[in-house]
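# Examination of the molecular architecture
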Amino acid sequence: MTPDLWLAAAVGALVGAAVVALLGLRRRHRLTVAATLVPHRTRQLMSVLQSGAVVVRRDRRSAFANSPAVALGIARLDGKLHSDVADLAEEAWRRDEPVEDEVAVQRGVLGSTSFVHVRVTPLDDELCLAVANDHTEARAAEQSRREFAVNVSHELKTPIGALSLLAETIEEGADDPVMVRKFAKKMRKEARRLTKLIQEIIEITRLQGGGSIAEHERLQLDGVVHEAIEAARLGADARDIRIVPDLKARPEIMGDRDLLVMALRNLIDNAVQYSDPGREVAVALGAKDGVASISVVDHGIGIDPKDQERIFERFYRADPARSRDTGGTGLGLSIVKHVALQHAGSVGLWSEQGVGSTFTLKLNVLQEG
């Protein structure tokens, strides 16, 4: 190697060593500043908090951020802050009082958004404390409640409006006994629909509140199935549809008898309503590997694939016209789903248009010992 190359290599090595030394000094300086601004005991206390906590500096960086704050995405380990949090800190200093707001945080490569509630309190002229909590689920729950209220209002309008119109018609034609009887019959139908809707609204509200099952009891599942079949038989007979039980097992479970009967009856009623007169609806009970399964099989019109993913949503109807004719409320399958969840179970669907549908409720078998 020539003297020039030796010299260049030596200079490069010295420059590299100087850069590394400077970086090390800067890192040690940051750690020293952080330790000075946020004492060790304070950092220990912040580290055990479940909420995200960040000490914000005047230069829009963090002096210290605990693990939940990093996980929420409002701060990074290198001291960088979410810009909205830094803006809130500046606003808190300007007002000299705590400020709070909801911050939208983009997470991951897919860009999913979380909504984080952040409250920033000025500690002195140089530091603020930001406390953050994830409100994504609470926001979704509030949106769901608003949608539910709107849907309930819309659903109640139809039978109430129909009853009002029918009452006016009867009042105007009171001298026509035939017409009065005809419209009185329609009023009874709408009243039954309204009663059923209100009962199901109350039931699904109770189910979603999580307090539906006050006491579990040991249940023979075949007895529950028989009770649900008997409750649905009158409606099936009226449509000339035969319910065929196929009980191959007698599993025992822990659960709420009334809720399970209601869920199974909803499945059987749906199968009857969406089957043509003269057809059969099969109700099969089996058990395997600690799981009991109840399948309700019809040979009706089937469900369009685009509707199958939404069929368990509240007030969703795959065939609104048919639901109105049969008095359906759009809540039956949603109730089934929530009853299954209350029992740590599940409900699934297989369907093909023109062939029929199979709804299967799965529950855990009671294990002895």
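Up top is the structure these notes are about.
Below: a short report on this structure. For clarity, every value in this text was computed on a predicted model and none was experimentally measured. (Residues numbered from 1 in each chain as written. Predicted model: local features only at pLDDT ≥ 70, side-chain atom pairs only at ≥ 80, totals over all residues. Heavy atoms only, no water.)

## Details of the pairing of strand E1 (residues 52-57)
Counting buried residues in E1 gives six out of six residues, a clear majority hidden from the surface. Here E1 shows no split at all, with Gly52, Val54 and Val56 on one side and Ala53, Val55 and Arg57 on the other all buried. Taken together, the six bridges between E1 and strand E5 (residues 127-134) define a ladder with antiparallel strand orientation. Paired with Ala53 across the two strands is Val131, which belongs to E5. The pairing of E1 with strand E2 (residues 62-65) spans three bridges and is antiparallel. From the neighbouring strand, Val54 faces E2, where its bridge partner is Ala65. Linkage of E1 to E2, two consecutive antiparallel strands, is achieved through a turn of four residues, within which Arg60 is found at a positive phi near 65°. (Buried < 20%, exposed > 50% of the residue type's maximum accessible area, 1.4 Å probe, protein only. Helix = DSSP H or I, 4+ residues; strand = E, 2+ residues; numbered from the N terminus. Pairing = 2+ DSSP bridges.)

## Here's the deal with helix H7 (residues 221-238)
Helix length check: H7 (18 residues) gives 27 Å between terminal C-alpha atoms against 26 Å at 1.5 Å per residue, within 8%. Approximately 40° is the largest bend angle found in H7, and it occurs at Ala232. Where H7 is concerned, the buried positions are Leu221, Asp222, Val224, Val225, Ala228, Ile229, Ala232 and Ala236. In the stretch just after H7, Asp240 is the one whose phi turns positive, near 60°. (Expected span 1.5 Å × (residues − 1). Bend = angle between axes of the 7 residues up to and from the residue.)

That is the geometry; function is a separate question.
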